[in-house]
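Structural features, examined
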Amino acid sequence: MSMNVRKLVGRYAAGPVDGVVHVGAHHGQEAATYDALGIERRVWVEPDPDSAAVLRERVAAWGGGVVIEAGAGETPATLELHRYSGKAGAVEGVSNSLLSLGDDAGRSWSLEETETVAVRVDRLDTLLDEAGSPMAGRWLLVVDTQGYERACLAGAERTLASSELVVCEVSEKPFYEGGAQIGDVDEIMVRHGFGRVYTRWAIEGHGDALYARVERLPLTLRAVHALRGGRVKHADGRSGWSR
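As a starting point, this report considers the structure included with it. The model shown is predicted, which means the values in this text are computed figures rather than measured ones. (Residues numbered from 1 in each chain as written. Predicted model: local features only at pLDDT ≥ 70, side-chain atom pairs only at ≥ 80, totals over all residues. Heavy atoms only, no water.)

1. Details of the pattern of salt bridges
We count it as follows: The salt bridge criterion pairs a side-chain nitrogen of Lys or Arg with a carboxyl oxygen of Asp or Glu, the two atoms within 4 Å.
Counting across every chain of the model gives 12 salt bridges. One salt-bridge network, held together by shared partners, links D48, D50, R83 and E115.

Encoded structure:
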């Protein structure tokens, strides 16, 4: 993730976070962040079988957590996961996606497809039910699915209802064919009662956004959000809107 999640959770959460669901977990690189936040209940969702195997070993060494080897989408299916390597994939597997590369990714990230592998995809709500991972209390949802965010969120209605904060990968360009753009994500999140309160653009129109459930924001931050009419803070100083 390109943003300081520890700092932002402290600012925008109404209280301590009870758990995290991380979709597109890769090897669990964010574990140290969750340690710092004191989040012990962790659910890692990763479709790539090689990455999931590494993740299971790490989770066992860490002493706890649930690993779900599947992709999160809108409907149950078996889909091809595209494996990519290149500049943006210096750590093997970080740019893998259920979508094909768009022209912008090929130019900006110097990515090349190396192979595909068939993976299971199902609704996030269903995957969490099967894993016996109820989300009670304040939860953080992290969606890092390389353009597949729209489908992931469409299959996460109950998960979103139990989430207080959502960190979602966002793009202003079609890095993946048919991939979600930031306006698509904003529209879904607003329907579920969230406002985009912070955006961090990492490279050339690609980054992460933080969405907070407006009704649960601390009173002062809720007032600021309302006065701005949905205006959000961008890490690079640009203006933006959450609706």
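Text resumes after the structure shown.
2. Some thoughts on the packing of aromatic side chains
Put simply, the rule is: Pairing of aromatic rings covers Phe, Tyr and Trp, the last counted by its six-membered ring, and requires centre-to-centre distances within 6.5 Å; plane angles under 30 degrees mean stacked, over 60 mean edge-to-face, and any other angle means tilted. By definition, any uninterrupted DSSP run of H or I lasting at least four residues is a helix, any uninterrupted run of E lasting at least two residues is a strand, and each is numbered from the N terminus. For every residue, the accessible area obtained with a 1.4 Å probe (protein chains only) is divided by the maximum for its type, and the residue is called buried under 20%, exposed over 50%, and partly exposed between those limits. The rule for a charge over a ring is simple: NZ of Lys or CZ of Arg within 6 Å of the ring centre, and within 35 degrees of the ring normal.
Counting across every chain of the model gives three aromatic pairs. Arranged with centres 5.7 Å apart and planes meeting at 45°, the rings of Y34 and W44 form a pair that is tilted. Here W44 lies in strand β2 (residues 41-45) and Y34 lies in helix α2 (residues 31-37), a separation of 10 residues in the sequence. Exposure class is identical for Y34 and W44. Each is buried. Between Y84 and Y176 the ring centres are 6.2 Å apart and the planes differ by 50°, which places this aromatic pair in the tilted class. Of this pair, Y84 sits in strand β5 (residues 77-86) while Y176 sits in the loop between β8 (163-171) and α8 (182-191), and the two are 92 residues apart along the sequence. Given the relative accessible area of 0%, Y84 is considered buried. By way of ring pairs, the aromatic residues Y34, W44 and W62 are connected into one cluster. The cationic tip of R11 hangs over the ring face of Y12; the distance from NZ or CZ to the ring centre is 5.3 Å.

These figures come from the coordinates and say nothing about function on their own.
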